[in-house]
Structures are given as structure tokens and as C-alpha cells.
Amino acid sequence: MNRVFNFGAGPAMLPTAVMEKAQQEFLNFNGMGASVIEISHRSKEFDAIINQADELLIELANIPKNYKILYVHGGAQMQFSAIPMNLMSRLPCRKAAYIESGNFAKLANKEASRYGIVDIVGTSEATNYDRIPAFDSSELADDYSYFHITSNNTIYGTRFQQFPDMGNIPLVADMTSEFLSRSLNIEKFGVIFAGLQKNLGPPGLALVIIREDLLEHASPETPSLLNYKTYAEKHSLANTNNTFAIYMMKLVLEWLKEQGGVSALESQNEAKADLLYKLIDQSGFYQGTAQTEHRSTMNVTFNLENNDLVSKFVDQALDQGLYALKGHRNVGGIRASIYNAMPIAGCEALAQFMREFERRNG
Ligand SMILES: *Cc1c(COP(=O)(O)O)cnc(C)c1O
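Residues numbered from 1 in each chain as written. Predicted model: local features only at pLDDT ≥ 70, side-chain atom pairs only at ≥ 80, totals over all residues. Heavy atoms only, no water.

A word on the packing of helix 2 (residues 44–61) against helix 6 (residues 243–258)
Geometrically, a packed helix pair is captured by the angle between its two axes and the distance between the axes. As a reminder of what qualifies: Axis definition: a line fitted to C-alpha atoms, limited for helices to the stretch in contact. Angles are taken between N-to-C directions and run from 0 to 180 degrees. Helix and strand assignments follow DSSP, with helices taken as H or I runs no shorter than four residues and strands as E runs no shorter than two, numbered in order from the N terminus. To sort the angles, those under 35 degrees are grouped as roughly parallel, those over 145 as roughly antiparallel, those from 65 to 115 as roughly perpendicular, and the leftovers as oblique. Each crossing gets its hand from how the near helix is turned against the far one by less than a right angle, where anticlockwise is left-handed and clockwise is right-handed. The contact criterion used is simple: two residues touch if any of their non-hydrogen atoms lie within 4.5 Å.
Close contact between helix 2 and helix 6 brings their axes to 9 Å; oriented N to C, the two are set at 40 degrees. With respect to each other, helix 2 and helix 6 are oriented oblique. Crossing geometry of helix 2 relative to helix 6 is assigned as left-handed. Of the residues in helix 6, those in contact with Phe46, Ile49, Ile50, Gln52, Ala53, Leu56, Leu57, Glu59 and Leu60 of helix 2 are Thr243, Ile246, Tyr247, Met249, Lys250, Leu253, Glu254, Leu256 and Lys257.

What follows is the structure, encoded as C-alpha cells:
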């Protein structure tokens, strides 16, 4: 069986070595004669898995001691509710600031507005989110419970190149489509969250990294299984967690470490993205849809002259084993998602296909 190069935005490809390891030990984990998904979340074997996942995250992302690592049910969008429930009452005024840099950012601020006042302090909606909106953090009010950004905009192919300094206002970042793809100073953030299914593992679960002092502000009506404090106190095992997702993430983290860690992956991610952006910039045939200085290294978006060409591109690419290149309906065109697991060979194969497609159709 031939595996494709999978450019899907999420659930996305995982490293082949990780899939093989999971397959190899699926029926018989650790000599137990049972699968990892058949054993108790309270067994010592699973305890070892979750502890190893924590340790690998601390090492790979350089997470300081005053931060907690949580594995929270419900994927990334559940955090759009959990964040305001846990943080909006940090000050009496129940007010948060949001940067609207894309569709997920918009969903996040809409959800938060059910719990308090949301100020959208920057939006790039008018230009169909082709950039990170400009905003001046020094002109912001200082009575916000938190400040929310989407660090990488999966649909539009943009990212924050730098992160704002918010002083005493906790910076909350949805990093679903880029966590562990670039080096970060975790101390700049109050909360980082990421659905696993883009860069870290299977769907349905979110990784949440939260500064300890922020665990104390949940509104009283917060469901206990959305209260970050419950997760912190029970090591994310207040009830049965998604043990398989945590196990798969642990394998991905081990793989990441073998590759040389985040800085090694970051250089490789830049090289992969460069390969495609250079080609787009040199061609009059492909048009990048994100502003050059805001481009993502994870999601490369571009358009062609018309929809017929787009469909033809997607179909012919698939014939070459290049899968799931159709852009999101909000942007149209093509999107190549090239997360950590995409080898450089995948980007080279795509670039070669793009050159040939241009030659035949340009
Ligand atoms: C994919 C994605 C989401 C949605 O994740 P779910 O787990 O489906 O809720 C949220 N934010 C960003 C930035 C994403 O890329």
C-alpha cells in the first residue's frame, strides 16, 4: 500500500514512525496482553504514559515550573467556552479583549460574549483575514481579564510573527495549528491551548498549559469537567480521559525529541514553507492569499485564476499522491498544511507538481 503525502488541515498526518509504533504495540501494550485502549486510566502503565507525556512537554516546550499541563476534553473549540468560564471573573468587570484574525478567532470571541463583555481590539475581516490585524497594546485598557489571540490562522495561512507584551493582562493563545512547530517563551503567556489533531495527535482532546495563579478564577457555575482546576488537581483524570489520544501524543513527542526537538523542527518547517512560498512568489500563475509578512509556516494558501483550474489542480495532485489540497471555502484556492509530520520530500513533491501544472496550464 502506498501512503499519500497528506496536506489536510486536520485531523492531519502523523509521523509514519509513530503510526507504525502504535500499530506494532496495539494488541499487546508493554507485554500486558491487552491494548493501551483496553487498560484502566488509573493503571500504573497508563500513569507512566501520562507522566512521560508531561515530562516530554516540559522538556520540548521549556515549560516553567509555575505552569500546569492539562489534557482537556472536547478539542480546541471547547476551550472557546472554557477560557471565559475560567478567566472572565479574574476582575469584577467580566471583560476580555480579542484579536479577530480569522474564523476560529471569531468563533472564540462569539462564544466568550455569552459570559461577559468582549472587546474586539483588532480585526482583519475587511481584507478576508489576509493578515494579523494591527493593534497597539499600549493603548489598550488595562482592566481586561485576559487577551485572546489565535497564533496561527489555519484557514487563512497567517501567523503572529511576534507576540504582544500585555503586561499584567494574561495572554491567552489558541495554538492549535502550530504548537511545537516553533520556539516559544512560555512565560509570555497566561494560557496556551491546542487541539491535538493538527500537530500533536488525534482529535477530540486539547492540551492546555496554564500559569498556576490563573486556576483560581473560574465562575462558580463552571462545569467541573470544564474547570481547569479540576484537571490540575486530578492530573486530568477526574473521569476517564481519552487515553488513546494521550498515548498517541506521547509517541509524537518522543518522535519530536528524536528529530532534535522544537528548534530543529522549526528550521525544517521554515525550509519547507520557503520552498513553496519562493515558488509562489516567482510565479505569475499562483497567487499567495496571505500578506507576505504575516505568512504561516504551517498552512500555505494560494489561489489560481479560476475555480476550474483549482479543481483540476486538486484532482491531478491527488493522482500524484498529494492528498487534501483543497483550500477552505472561506478562502477558496489551495491550502497545503505542512505540520511537523510533513517531511521535506512532501513539499518537494508538491513544488515539482506545481511547476509542471503551471507549465501545462500557464
Ligand atoms: C482546527 C482548529 C480549531 C478547532 O479545533 P476543534 O478541535 O475541531 O474544536 C480551533 N482553533 C484553531 C486555530 C484550529 O486550527
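Notes on the site of the ligand
Just so we agree on the cut-off: Only a single heavy atom is needed: when it lies within 4 Å of a molecule or strand, its residue is near that molecule or strand. In protein, a polar contact requires one atom able to donate a hydrogen and another able to accept it; more generally it is a pair of N or O atoms within 3.5 Å, and residues adjacent in sequence count only if both atoms are side-chain atoms. Here the Shrake-Rupley method, with its probe set to 1.4 Å, supplies the accessible areas, and only the displayed protein chains count as covering residues. Each residue receives one of three labels: charged for Asp, Glu, Lys and Arg, nonpolar for Ala, Val, Leu, Ile, Met, Phe, Trp, Tyr, Cys and Pro, and polar for the others, Gly being one of them.
Around the ligand, the structure places 13 residues, and the nearest of them are Gln77, Thr154, Asp174, Gln197 and Lys198. Between an oxygen atom of the ligand and a main-chain N or O atom of Ala76, the distance comes to 2.9 Å. Take Gln77: an N or O atom from its main chain is 2.7 Å from an oxygen atom of the ligand. Calculation on the ligand without its partners gives an accessible area of 390 Å², and the protein chains cover 86% of this total. The greatest single-element share of the shell around the ligand, amounting to 4 residues, is contributed by helix 3 (residues 75–87). Residue classes in the shell around the ligand are distributed as 3 nonpolar, 8 polar and 2 charged.

Let's talk about the UniProt feature "binding site: L-glutamate" (unreviewed entry) in the protein
As a reminder of what qualifies: UniProt positions are given in the numbering used here, feature names are shortened, and annotations may be inferred rather than shown by experiment. Only protein chains enter the accessibility calculation, which uses a 1.4 Å probe; a residue whose area is less than 20% of its type maximum is buried, one above 50% is exposed, and one in between is partly exposed.
Within the UniProt annotation, "binding site: L-glutamate" (unreviewed entry) is assigned to Arg42. Here Arg42 is to be found in the loop between helix 1 (16–24) and helix 2. Owing to a relative accessible area of 52%, Arg42 belongs among the exposed residues under this scheme. Those residues in contact with Arg42, other than ones at most four positions away along the chain, are Leu237, Ala238 and Asn239.

Observations concerning helix 7 (residues 261–282)
What counts here: Here a helix's expected span is defined as the number of its residues, less one, multiplied by 1.5 Å.
In this model helix 7 runs 32 Å from its N-terminal to its C-terminal C-alpha over 22 residues, within 8% of the 32 Å that 1.5 Å per residue would give. Every buried residue belonging to helix 7 is among Gly261, Val262, Leu265, Glu266, Asn269, Lys272, Ala273, Leu276, Tyr277, Leu279 and Ile280, and all of these are buried. Buried residues along helix 7 sit against helix 2, helix 6, strand 11 (287–288), strand 12 (299–303), strand 14 (334–337) and helix 9 (344–361).

What to know about the UniProt feature "binding site: pyridoxal 5'-phosphate" (unreviewed entry) in the protein
Here the UniProt-annotated "binding site: pyridoxal 5'-phosphate" (unreviewed entry) positions come out as Phe104, Thr154, Asp174, Gln197, Asn239 and Thr240. With a sequence span of 137 residues, these residues are also far apart in the fold, their greatest C-alpha distance being 31.0 Å. Looking at where Asn239 falls in the secondary structure, it is placed in the loop between helix 5 (228–233) and helix 6. A distance of 2.9 Å separates polar atoms of two side chains, one belonging to Asn239 and the other to His73. Mapped onto the secondary structure, Thr240 falls in the loop between helix 5 and helix 6. Sequence-distant contacts of Thr240, defined by excluding residues within four places in its chain, comprise His41 and His73.

Some details on the nonpolar core
Our working rule: Nonpolar cores were defined as sets of buried Ala, Val, Leu, Ile, Met, Phe, Trp, Tyr and Cys residues, with membership established by side-chain atoms within 4.5 Å.
Core analysis: the largest hydrophobic core is formed by 58 residues, its most contacted members being Leu57, Tyr71, Phe147, Phe179, Leu180, Ile186 and Leu207. Of the residues forming this core, the biggest block, 10 residues, is contributed by helix 6. Residues contacting Leu207, with those up to four places away along its chain left out, are Leu57, Ile69, Leu70, Tyr71, Phe179, Ile192, Phe193, Ala194, Leu196 and Leu200. Listed in part, the 30 residues of the second largest apolar core include Ala317, Ala336, Ala341 and Met342.

Digging into the sheet that holds strand 4 (residues 117–123)
The cut-off we apply is this: At least two DSSP bridges between two strands are required for those strands to pair.
Pairing within the open sheet is mixed, and its 7 strands lie in the order 2-10-9-8-5-3-4. The strands lining the two open edges of the sheet, one partner per strand, are strand 2 (67–73) and strand 4. The average angle at which neighbouring strand axes cross in this sheet is 20 degrees, direction not considered. In terms of strand pairing, strand 3 (residues 95–100) meets strand 4 through 6 bridges, oriented parallel. Following the sheet pairing, Ala96 is matched in strand 4 by Val118. Contacts between helix 3 and the sheet are confined to strand 2, strand 3, strand 5 (146–150), strand 8 (171–174), strand 9 (191–195) and strand 10 (205–211), with strand 9 contributing the most and set at about 155 degrees to the helix.

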